Amino acid sequence: MSRASAPPDEDAFRAQVRGWLATNLAGEFAPLVGTGGPGREHEFVPERMAWERRLGDGGWIGLGWPESVGGRGLPWRHQQIFYEEYARAGAPGRVGHIGEHLLGPTLLMFGTAGQRARFLPGVLAGTQLWCQGYSEPGAGSDLAGLSTRARLDGAEWHIDGQKVWTSLAHVADWCFVLARTDPAAERHHGLSYLLVPMRQPGIEVRPIMQLTGTSEFNEVFFDDARAGAEDVVGAPGDGWRVAMGTLAVERGVSTFGQQLGYQREFEAMLATARATGAIDDPDLAARIVEAWIGLQVMRYTTLATLTPAGEPPAPTAPNVAKLIWGPWHQRLGELAVDVAGPAATVVGPGYQLDDAQRLFLFGRAETIYGGSSEIQRTVIAERGLGLPREPR
Ligand SMILES: Cc1cc2nc3c(=O)[nH]c(=O)nc-3n(C[C@H](O)[C@H](O)[C@H](O)COP(=O)(O)OP(=O)(O)OC[C@H]3O[C@@H](n4cnc5c(N)ncnc54)[C@H](O)[C@@H]3O)c2cc1C
């Protein structure tokens, strides 16, 4: 696909996305429809990696990135259209999303020309997968308390420590790791943002079994792991600023399609409620109505964040959105098992979950990852409303 300079007409672009998905999400990729979403990250991993490469070949990765680095320079509105159509087609959960949505924008903001030239082409082609090495056993919401250390010795950083909850570390080629490089500095000073190859002797990845019976995230141990001296984003010691830049873009435009998936899940829950008779229970009926209202709130909140000129929404819009969709989706999972009745308490052989059970169990994570609901409130209060900062 050619990389256009002038944004195409929105309707024509939508038709183009739809057509491409209809043609390509077929044949060998047809079984991927509806796979790989939350709680289903274990499904069809090699096939979804091949799908990443197909997306890359089609020019559908890095839609908003500048053309100078190989992106398509498309406006916000076109990216939104892409994600809507992607969800409408039931295209699979993205194994490449951390590279595209977190690492890429971070390198665009803080990386050197050399780092962009080295790393962005692999992300754009769908051939290089990334994971995010922030959280540690003693540092989650309070990320500045991290204790993984790195020291520069000649041409390499030597890294020791442990990360945890590292999504997709078991398939990633690279990890962006936040580590303390100045042992004398405290808290958010003296940290560096390192680009670390995952396949090396100093790194061990141990999967963590989740409530869903699958392992989407991992513990990652660094025992004298190495990174190139030049593979630090921003200046050494300036990692906090870079890491916060990554968090600011986390879960931005790519969440636009998720409401279509939510609508489908709501309809499945409603069909179950009709089939089991749960809809005649006044308490459950009230919760069904609340869930429907929540769907409308999400829809209109998204529409309200869009500016007429198609500019990016306010910086805290993703935090507001997460605070709405995280708890809402969690409650939908609770409702889905409640309307299913006692049958929902029995899992299939080999711990096989049905959709309602998976939704319920995975939903526990949704008010935690990407910043817990409490932390979202703090961000909105401090950065969005300018309220007094929480005592640190
Ligand atoms: C499915 C999933 C995937 C994840 N993937 C990744 C990943 O790829 N890479 C990565 O680095 N991390 C990842 N995480 C980790 C995630 O970022 C952390 O779990 C999250 O930041 C919370 O940190 P914590 O688990 O240490 O909990 P804690 O920070 O210990 O929080 C415990 C509780 O205290 C509350 N709390 C903490 N501080 C405050 C405060 N100041 N004010 C009010 N309440 C507070 C929290 O809201 C929470 O309810 C993932 C987590 C999940 C569940």
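The following refers to the structure shown. (Residues numbered from 1 in each chain as written. Predicted model: local features only at pLDDT ≥ 70, side-chain atom pairs only at ≥ 80, totals over all residues. Heavy atoms only, no water.)

1. Here's the deal with the environment of A278
Along the chain, A278 falls in the loop between α7 (258–276) and α8 (282–305). Each C-alpha atom of the pair A278 and C131 lies 42 Å from the other, and the pair is 147 residues apart in sequence. Apart from the residues lying within four places of it in its own chain, the contact partners of A278 are A273, L284 and V339. (Helix = DSSP H or I, 4+ residues; strand = E, 2+ residues; numbered from the N terminus. Contact = heavy atoms within 4.5 Å.)

2. Examining the packing of helix α4 (residues 97–110) against helix α6 (residues 239–249)
Where α4 meets α6, the closest approach of the two axes is 9 Å, and the angle between their N-to-C directions is 130°. Overall, the two elements α4 and α6 adopt an arrangement that is oblique. The way α4 lies across α6 gives a crossing that is right-handed. Packed against α4, whose contacting residues are H101, L102, P105, T106, M109 and F110, the element α6 presents R241, V242, G245, T246 and V249 at the interface. Classifying every residue of the contact of α4 with α6 gives six nonpolar, four polar and one charged. (Axes fitted to C-alpha atoms, helices over the stretch in contact; angles between N-to-C directions. Parallel < 35°, antiparallel > 145°, perpendicular 65-115°, else oblique. Left-handed = near helix turned anticlockwise from the far one by under 90°. Nonpolar A, V, L, I, M, F, W, Y, C, P; charged D, E, K, R; others polar.)

3. Remarks on the packing of aromatic side chains
Each pair of aromatic rings is reported with the distance of its centres and the angle of its planes. On inspection of all chains with the given rule, the structure shows 18 aromatic pairs. When the centroid spacing of 6.0 Å and the interplanar angle of 55° are considered together, the rings of F13 and W60 count as tilted. With F13 in helix α1 (residues 10–24) and W60 in the loop between α2 (45–58) and α3 (76–88), this residue pair connects regions lying 47 residues apart in the sequence. Judged on exposure class, the residue F13 and its partner W60 are both buried. (Phe/Tyr/Trp six-rings, centres within 6.5 Å; stacked < 30°, edge-to-face > 60°. Buried < 20%, exposed > 50% of the residue type's maximum accessible area, 1.4 Å probe, protein only.)

4. Here we look at the pairing of strand β1 (residues 130–133)
Side chains W130 and Q132 of β1 all project onto a buried face; the interleaved residues C131 and G133 project onto the opposite face, where all are buried too. Pairing of β1 with strand β4 (residues 174–180), which is carried by four bridges, proceeds in the parallel orientation. Across the sheet, Q132 pairs through a bridge with F176, a residue of β4. (Pairing = 2+ DSSP bridges.)

5. Notes on empty space enclosed by the protein
On inspection of all chains with the given rule, the structure shows one cavity of 30 Å³ or more. In this structure, the largest cavity occupies an estimated 40 Å³ of space. Surrounding the largest cavity, E52, I61, R94, G96, E100, V123, G126, Q128 and L129 form its lining. Class assignment of the residues belonging to the lining of the largest cavity gives a composition of three nonpolar, three polar and three charged. (1 Å grid on protein atoms, 1.4 Å probe; cavity = no way out; pocket = protein on both sides within 12 Å on 5 of 7 lines; lining within 4 Å. Points joined across faces, edges and corners; volume = space filled by probe spheres on them.)

6. Description of the site of the ligand
Every one of the 17 residues lining the ligand counts as a neighbour, but S135, S141, W165, S372 and E374 are closest to it. In this structure, an oxygen atom belonging to the ligand sits 2.7 Å away from a main-chain N or O atom of S135. The backbone of W165 places a nitrogen or oxygen atom 2.9 Å from a nitrogen atom of the ligand. Within the complex, the protein chains bury 67% of what would otherwise be the 970 Å² of accessible surface of the ligand. For the shell around the ligand, the residue count by class is seven nonpolar, seven polar and three charged. Residue assignment places the shell around the ligand across two domains, with domain 2 (131–238) and domain 3 (255–384) each supplying three or more. (Near = heavy atom within 4 Å. Polar contact = N/O pair within 3.5 Å; in protein donor to acceptor, adjacent residues only side chain to side chain. Areas by Shrake-Rupley, 256 points an atom, 1.4 Å probe, with all protein chains shown as cover. Domains from an automatic or database assignment.)

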